Amino acid sequence: EVMRYFDLGDHRDKKSKHLSGGLRRRLSIGMAVITEPKLLFLDEPTLGLDVLSRRDLHSLIRSLVETKKMTYSYYDGEFYVFMDEEYNQTMLTFDQIEEALKYIKENDTVTVKFLYGNAFSVEPENFVELKVIEAEPGVKGNTATNVMKNAKVETGATIQVPMFVEEGETIRIDTRTGEYMSRV
């Protein structure tokens with residue numbers, strides 16, 4: 001029988017209060033039976049242990065994730081360094097923040113998610129303002145609002161913008177979709 005497990009650490013910590021009563025009760029029963037800080041997911045329920053529903057599993061994972069607002073400080077050639085309000089530094093690799101790099105520059109605020117102290121997600125603010133450093137020239141007299149062109153912003157990302165946007169202008173971008181929102 002194949003078993004998979006998710007390490008819970010100490011299930012009695014303060015984060016367990018965010019779990020529903022039924023889920024907390026099942027975890028307590030499971031932990032007592034297993035006697036280790038691990039929750040077993042069995043292909044078939046055995047030994048009286050419950051298999052968590054998908055909703056309960058998502059609830060459990062959300063309760064274990066710590067979210068921090070951090071400031072992107074600098075890139076040292078190997079690591080991207082972020083700092084929290086208490087001046088604690090977190091160093092992340094390119095692979096960990098690749099998507100967020102399109103929209104952040106030094107001193108920007110981001111949301112970093114941690115699981116057991118290890119960062120696994122970096123999210124820029126939902127809307128950012130970036131300067132256009134390269135833009136294809138617009139055609140004079142072209143005022144159609146649905147005609148788009150490529151523009152490169154100061155972070156290096158290429159964004160589709162309306163024809164009237166020119167090099168040197170600052171634009172607002174929705175980082176969730178990567179879409180141009182407006183000129184600033």
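This text follows the structure it describes.
Residues numbered from 1 in each chain as written. Predicted model: local features only at pLDDT ≥ 70, side-chain atom pairs only at ≥ 80, totals over all residues. Heavy atoms only, no water.

Q: Teacher, can you tell me more about the nonpolar core here?
A: Here is a general trend for soluble globular proteins: nonpolar side chains tend to be buried in one another's company. By size, the foremost hydrophobic cluster in this structure holds 14 residues, and its most contacted members are Phe82, Ile97, Val110, Val112 and Val122. Counting residues per element, the ones that place at least two in this core are β3 (65-75), β4 (80-83), β6 (109-115) and β7 (118-124). Sort the elements by how many residues they give to this core and β6 lands first, with three residues. With near-sequence residues (within four places) excluded, Phe82 lies in contact with Met70, Thr71, Tyr72, Ser73, Asn88, Gln89, Thr90, Leu92, Ile97, Ile104, Val110 and Val122. One finds Ala157, Val161, Ile171 and Ile173 within the second-largest nonpolar core, a separate group that totals 13 residues. (Core = buried A, V, L, I, M, F, W, Y, C linked by side-chain atoms within 4.5 Å. Buried < 20%, exposed > 50% of the residue type's maximum accessible area, 1.4 Å probe, protein only. Helix = DSSP H or I, 4+ residues; strand = E, 2+ residues; numbered from the N terminus. Contact = heavy atoms within 4.5 Å.)

Q: Before we go on, may I ask you to explain the layout of surface pockets in this structure?
A: The probe, sized like a water molecule, is rolled over the atoms to show the empty space still left. Taken as a whole, the largest pocket spans an internal volume of roughly 190 Å³. Lining of the largest pocket is provided by Lys69, Glu99, Ala100, Tyr103, Thr111, Val122, Glu123, Pro124, Glu125, Asn126, Thr175 and Arg176. The element that contributes the greatest number of residues to the lining of the largest pocket is β7, accounting for three residues. Across the lining of the largest pocket, the residue classes tally to four nonpolar, three polar and five charged. (1 Å grid on protein atoms, 1.4 Å probe; cavity = no way out; pocket = protein on both sides within 12 Å on 5 of 7 lines; lining within 4 Å. Points joined across faces, edges and corners; volume = space filled by probe spheres on them. Nonpolar A, V, L, I, M, F, W, Y, C, P; charged D, E, K, R; others polar.)

Q: Honestly, the packing of aromatic side chains in this entry has me stumped. Any pointers?
A: In this description, an aromatic ring pair is defined by two values, namely the gap between the centres and the angle between the planes. All told, the structure shown has three aromatic pairs when counted by the stated rule. Centroid distance Tyr72 to Phe82: 5.3 Å. Interplanar angle 40°. Geometry classified as tilted. On the criterion of sequence distance, the pair formed by Tyr72 in strand β3 and Phe82 in strand β4 is long-range, its members being 10 residues apart. When its relative accessible area of 6% is taken as the criterion, Tyr72 is described as buried. One aromatic cluster in this structure is built from Tyr72, Tyr75, Tyr80 and Phe82. Residue placement shows Lys68 over the ring face of Phe114; its charged tip is 5.3 Å from the ring centre. (Phe/Tyr/Trp six-rings, centres within 6.5 Å; stacked < 30°, edge-to-face > 60°. Lys NZ or Arg CZ within 6 Å of the ring centre and 35° of its normal.)

Q: What am I meant to see in the sheet that holds β6 here?
A: The strand order across the open sheet built from five strands is β5-β4-β3-β6-β7, with neighbouring strands paired in antiparallel fashion. Two strands close off the open sheet at either side, each with one partner strand: β5 (89-92) and β7. Within the sheet, the average angular offset between the axes of one strand and its neighbour, ignoring direction, is 40°. Pairing of β3 with β4 involves four bridges; the strand directions are antiparallel. Paired with Tyr72 across the bridge in β4 is Phe82. (Pairing = 2+ DSSP bridges. Axes fitted to C-alpha atoms, helices over the stretch in contact; angles between N-to-C directions.)

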